[in-house]
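Structure at a glance
Listed here are the chains, written in short residue letters.
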Amino acid sequence: MLLEIFDPKAAPRPIGIDLGTTNSLVARMRDDAPAVILDCNQAWLVPSVVHYAESGAVIVGEDAEQLALLDASNTVASVKRLMGRGGDDAETKRLGSLEFAIGETAEERKTVRIKVRDKTVTPVEVSAEILKKLKQLAVDELQRVGGAVITVPAYFDDAQRQATKDAAKLAGLEVLRLLNEPTAAALAYGLEKRKDGLFAVYDLGGGTFDVTVLNLDDGLFEVKSTGGDSQLGGDDMDRLLASAILAEHGLVESELSSAEKRAALVAARQIKHALTDASSVELDLAALVKKPATFSITRERFNELVKPLIERTGSACRRALRDAGVKASEIDGVILVGGSTRVPAVRAYVTELFGKEPLADIDPEKVVALGAALQAHQLAGEGPKEDLLLLDVLPLSLGIETMGGVCEKILPRNTTIPTAARQVFTTYADNQTGFELHVVQGERELAADCRSLARVTMRGLPPLPAGLARLEVTFKVDADGLLQVHAKELTTGKEQTIEVQPSYGLSEEEMEGMLMAALDHGETDLEHRRLIEERVEAERVILATQNALNVDADLLSAEERSAVATALTELAAALKGSSPSLIHARIEMLDGVTKAWAGLRMDRAIARVLGGKGIDGVEETVAQAKGVDEHVAAHAEARARGAI
């Protein structure tokens, strides 16, 4: 047996961590190749289960999984599904009803707190215990551990990613990068197998599903599109099968203890694993039903049971292909990731969906951690020898709410990250002394139909006419997918920067729903947006015209005044309707009958300003007028993007 010699002067070694729903693992580089780290029993999978003992000890992994059968109420599993969620989320309630209690107060529901023993813990704290276990495994082998690359589902939103970073901080880990799981898998596959081309990564884990289309080209890993569902995974198969077991034996789930529910889940998981190789399984359930009993199921029946779950992955795959602008036949290979892809029905479905046998020659449960180790090695400046460039993307669009409730997208989904973009906005009302920025995430045209991320208020601005104030809004998304918003009022130089950290995040089901709703309601949303924008412009024009009449009505003849009044009346009538085309036409009609009058008003204003001034005074006035023109031009450009 050969032992690796430890150099006490050597720098800390970077690691890659796959923090999974059902199981987690840690990997490192050894002899220029990634390898998973084994425990003392030569096992590399650490069950993502945490038990809180009566003594105060926290037990993680295999031992905790065994204790769950004896003390389920003080054992937490599948906590990844709660990361970044609120207690009122549907997924939180669904998991809580089966496995553990959720806090009852409003504050406890805002950020999930799980009841164990005489205290409550958050998903971040539970995940930190799992990460501590993984870190200790790495320390046992490497002695000194440096930074870590931790993988997350591609569809994790800001809150879920931030929760993962917080858990790592609690565990005493420096996060080099949060890396999307499909990208990590592609990284491991691309370097290990030395293959280039267009690939789809089909990642079905214990609690989440991701699909990513990316191009591998001589060290360049460019993500074309991504999609997924965080409420879909092997856990859901277990729950369906557990429900079938309970129903067959006349057991009502709501009447069972936590331990009995956990026992049903364990039995279901054992059956699922056995059916990977066997055509039928019979399991002794005496311990669960408290009498001699068995449960028998064939692979065919199991396949029918989980078929709806597997088919749910198809819609995300088809959308990812459409977003990438490719057909399934153009994909060079499909990389399988996640333990749930071992299910024969899943592999058969992937083969049918993409028209080719999937690639699984690297263990689908190891491949993500191996890719994370490769990326950690590179970020720590130690390699790999190949030049690597990872280009990931945003899962959903980011924008702000403008006048009328319209969502102005600043960074569209599938934008390559890290990235930044800025737009200039202006005020809607005269003498407006502040802005409220409402940051949203989603694909719909109206902010109310998107997910609210944060609200930022800027006050203390000088009162200016509508359109003269200019607010420059910059969105920055880092390599971890986390958003920072910077707002600067260009007239005063006043600025504000915020890290967008909502108290809980956006579920993948909500993301999927947003995307599907955007497709289903696309034309309706655009028409509604156009109606709102035309109404906002009509109200502005009516107000401006009425103010002008109060000052310079004497410049109009009786006939012209009647025409303006008629145009105002017809525009006001159109404003009450729902036709954006009619409102636009009435705005143009009013513009036509006031054009000559606007020229006369300009002449009067210039004469008033220049009256009694010499040459020097005229030059100064012209310079000031030029500055005003620049503001007006900037206003016109900003108004085209939206007013706040």
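Heads up: these notes are all about the structure in this document. (Residues numbered from 1 in each chain as written. Predicted model: local features only at pLDDT ≥ 70, side-chain atom pairs only at ≥ 80, totals over all residues. Heavy atoms only, no water.)

Let's shift gears to helix α11 (residues 344–354). All of the buried residues along α11 are Ala345, Val346, Tyr349, Val350, Leu353 and Phe354. Buried residues of α11, seen end-on, are gathered within an arc of 145° and therefore sit on one face of the element. Looking at the buried positions of α11, the neighbouring elements they touch are β12 (197–204), α7 (234–248), α10 (299–324) and β17 (333–337). Positive phi shows up at Gly355, right after α11, with a value of about 75°. (Buried < 20%, exposed > 50% of the residue type's maximum accessible area, 1.4 Å probe, protein only. Helix = DSSP H or I, 4+ residues; strand = E, 2+ residues; numbered from the N terminus. Arc of directions from axis to C-beta. Contact = heavy atoms within 4.5 Å.)

Glancing now at the environment of Ile417. One can find Ile417 in strand β21 (residues 416–417). You can call Ile417 buried: its relative accessible area is 4%. Along the primary structure Ile417 and Val223 are separated by 194 residues, whereas in three dimensions their C-alpha atoms are 9.7 Å apart. With near-sequence residues (within four places) excluded, Ile417 lies in contact with Leu391, Asp392, Val393, Leu394, Val477, Asp478, Ala479 and Gly481.

On to the packing of aromatic side chains. Within this structure, the stated rule accounts for 2 aromatic pairs. Stacked on the ring of Trp44, the Lys or Arg Lys366 has its end atom at 4.8 Å from the ring centre. In this structure, Arg601 is placed above the aromatic ring of Trp597, and the distance from its NZ or CZ to the ring centre is 5.7 Å. (Phe/Tyr/Trp six-rings, centres within 6.5 Å; stacked < 30°, edge-to-face > 60°. Lys NZ or Arg CZ within 6 Å of the ring centre and 35° of its normal.)

Next up on the list: the packing of α7 against helix α8 (residues 258–274). At a minimum axis separation of 8 Å, α7 and α8 run at an interaxial angle of 110°. In this view, α7 runs roughly perpendicular relative to α8, as classed from their interaxial angle. As for the relative orientation of α7 and α8, their crossing is right-handed in sense. Contact residues: α7 offers Gly234, Asp235, Met237, Asp238, Arg239, Leu241, Ala242, Ile245 and Leu246, while α8 offers Ala264, Leu265, Ala267, Ala268, Arg269, Ile271 and Lys272. (Axes fitted to C-alpha atoms, helices over the stretch in contact; angles between N-to-C directions. Parallel < 35°, antiparallel > 145°, perpendicular 65-115°, else oblique. Left-handed = near helix turned anticlockwise from the far one by under 90°.)

With that out of the way, let us pick up the pattern of salt bridges. Per the stated rule, a full pass over the model turns up 22 salt bridges. Here Arg604 and Asp554 are joined by a salt bridge, their closest N and O atoms 2.7 Å apart. With Arg604 in helix α16 (residues 580–610) and Asp554 in the loop between α14 (522–552) and α15 (558–575), this pair connects stretches of sequence that are 50 residues apart. For Arg604, a relative accessible area of 26% puts it in the partly exposed group. (Salt bridge = Lys/Arg side-chain N within 4 Å of Asp/Glu carboxyl O.)

Counting residues in each nonpolar core, the largest one holds 47 residues, and the members touching the most others are Tyr202, Met237, Ile271, Ile331 and Phe354. Looking at this core element by element, the count peaks at 9 residues for α10. With sequence-adjacent residues up to four places away left out, Ile271 is seen in contact with Leu241, Ile245, Val281, Leu283, Phe295 and Ile297. Counting residues in each nonpolar core, the second largest holds 38 residues, with Val116, Val126, Leu131 and Ala167 among its members. (Core = buried A, V, L, I, M, F, W, Y, C linked by side-chain atoms within 4.5 Å.)

Strand order in the open sheet formed by 3 strands is β6-β5-β7, and the pairing between neighbours is antiparallel. The open sheet has two edge strands with one neighbour each: β6 (58–60) and β7 (75–77). For this sheet, the mean inter-axis angle between neighbouring strands, taken without regard to orientation, is 20°. In the packing of helix α4 (residues 123–142) onto the sheet, the strands contacted are β5 (49–52), β6 and β7, and the crossing angle to β5 comes to about 105°. (Pairing = 2+ DSSP bridges.)

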